[in-house]
Amino acid sequence: MIENKKKPNPIDIHVGSRVRLRRTMLGMSQEKLGEALGITFQQIQKYEKGTNRVGASRLQNISTILNVPVSFFFEDAPGDPSGNQPGMAEANSSNYVVDFLSSSEGLQLNRAFIKIPDPKVRRKLVDLVKSLASEPDVN
């Protein structure tokens, strides 16, 4: 028996995962994003899984709604030559950001952090977390 199902393109999967990442970072549901785009949440699910390809104009609309540049959806894409350039180690290591924001704690921390209006307070909070992370465990 020949399998006729076409596998999603790795770029489509990546773009969809970035849509999901940004949507969840903002605490937005698939339904809400679908409403803003005039499509069903099932269509959003298909985009996020890479099952359906996101067209250029739709991706532009998604970037506006999610308040990120279109390039956000292509960062660290498979076969992206910019990720292999010397001096780009910081950008190439953004998988830890995806892992962090995929965790419940990371998502909660991110949502709370972006609600802090004062940049000085945010900076102090970053300093506090850094100092806590560098302290050896004392049990």
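That block above? That's the structure.
Starting from 1, residues in each chain are numbered consecutively following that chain's sequence as written. It should be noted that, the model being predicted, local features are given only for residues of pLDDT at least 70 and side-chain atom pairs only at 80 or more, the latter also being counted only at that level, while totals for whole chains, interfaces and linings use all residues. Working from all heavy atoms in the structure, the side-chain values ignore hydrogens and water.

**Describing the side chain of D12**
Note the following rule: In this description a helix means any DSSP run of H or I spanning at least four residues, a strand means any run of E spanning at least two, and both kinds are numbered starting from the N terminus. Polar contact is defined as a pair of N or O atoms within 3.5 Å, subject to the rule that within protein one atom must be able to donate a hydrogen and the other to accept it, and that residues adjacent in sequence are counted only when both atoms are side-chain atoms. Only heavy atoms enter the contact rule, under which two residues are in contact if any of them lie within 4.5 Å.
Structurally, the position occupied by D12 is in helix α1 (residues 10-25). At a separation of 2.9 Å, a polar atom in the side chain of D12 contacts the side chain of R53. Leave out the neighbours within four places in its chain, and D12 touches Y47, G50 and R53.

**Describing the side chain of R18**
For clarity, the cut-off: Per-residue accessibility, obtained with a 1.4 Å probe over protein chains only, is compared with the maximum for each type, and a residue is labelled buried under 20%, exposed over 50%, and partly exposed between these values.
By secondary structure assignment, the location of R18 is in helix α1. Accessibility expressed as a relative area gives 6% for R18, which makes it buried. A polar contact of 2.8 Å, which involves the side chain of R18, links it to the side chain of E75.

**Digging into the environment of Y47**
Here Y47 is to be found in helix α3 (residues 41-49). For the pair Y47 and H14, spaced 33 residues apart in the sequence, the C-alpha separation amounts to 10.0 Å.

**A few points about the packing of helix α2 (residues 30-37) against helix α4 (residues 56-65)**
The condition that has to hold: An axis is simply a line fitted to the C-alpha atoms; with a helix, the fit covers only the stretch in contact. Between two such axes, the angle follows the N-to-C directions and lies from 0 to 180 degrees. Roughly parallel covers angles under 35 degrees, roughly antiparallel covers those over 145, roughly perpendicular covers 65 to 115, and oblique covers all other angles. Crossings are classed by handedness, with left-handed meaning an anticlockwise turn of the near helix from the far one by less than a right angle and right-handed meaning a clockwise turn. Under the grouping applied here, Gly and all other residues not named as nonpolar or charged are polar, the nonpolar ones being Ala, Val, Leu, Ile, Met, Phe, Trp, Tyr, Cys and Pro and the charged ones Asp, Glu, Lys and Arg.
It is at 10 Å that the axes of α2 and α4 come closest, and there the two elements cross at 120 degrees. One element, α2, and the other, α4, form an angle in the oblique class. Once α2 is placed against α4, the crossing between them reads as right-handed. Residues L33, A36 and L37 of α2 form the contact with α4, whose participating residues are R58, N61, I62 and I65. Its residues assigned to classes, the contact of α2 with α4 comprises five nonpolar, one polar and one charged.

**Things to note about the nonpolar core**
Across soluble globular proteins, nonpolar side chains show a tendency to be buried alongside one another. As a reminder of what qualifies: Nonpolar cores are built from buried Ala, Val, Leu, Ile, Met, Phe, Trp, Tyr and Cys residues. Side-chain atoms within 4.5 Å join them into one set.
Core analysis: the largest hydrophobic core is formed by 18 residues, its most contacted members being V19, L33, L37, I44, I62, L66 and F73. Sort the elements by how many residues they give to this core and α1 lands first, with four residues. With residues up to four places along the chain from it excluded, the contact list for I62 reads V19, L37, V54 and F73.

**Some points on the packing of aromatic side chains**
Condition: Classification of ring pairs uses Phe, Tyr and Trp, with its six-membered ring standing for Trp, and accepts pairs whose centres are within 6.5 Å; under 30 degrees between planes counts as stacked, over 60 as edge-to-face, and the remaining range as tilted.
Within this structure, the stated rule accounts for one aromatic pair. Ring geometry for F72 and F73: centres 5.5 Å apart, planes at 85 degrees, overall edge-to-face. Judged on exposure class, the residue F72 and its partner F73 are both buried.

**Let's talk about α3**
Going by this rule: Here the arc refers to the directions that run from the helix axis out to each C-beta atom.
Within α3 the residues assigned to the buried category are Q43, I44, Y47 and E48. Within α3, the buried residues cover an arc of 140 degrees as seen down the axis, which keeps them to one side. Taken together, the buried residues of α3 touch α1, α2 and α4. Trailing α3 by a residue or two, G50 shows a phi angle of about 85 degrees, which is positive.

**What to know about the packing of α2 against α3**
At their nearest, the axes of α2 and α3 sit 8 Å apart, and the two run at 105 degrees to each other. Comparing their axes, α3 and α2 come out roughly perpendicular. Each of Q30, E31, L33, G34 and L37 in α2 lies in contact with α3, whose residues at this interface are F41, I44, Q45 and E48.

Treat this as a map of the structure, not an account of what it does.
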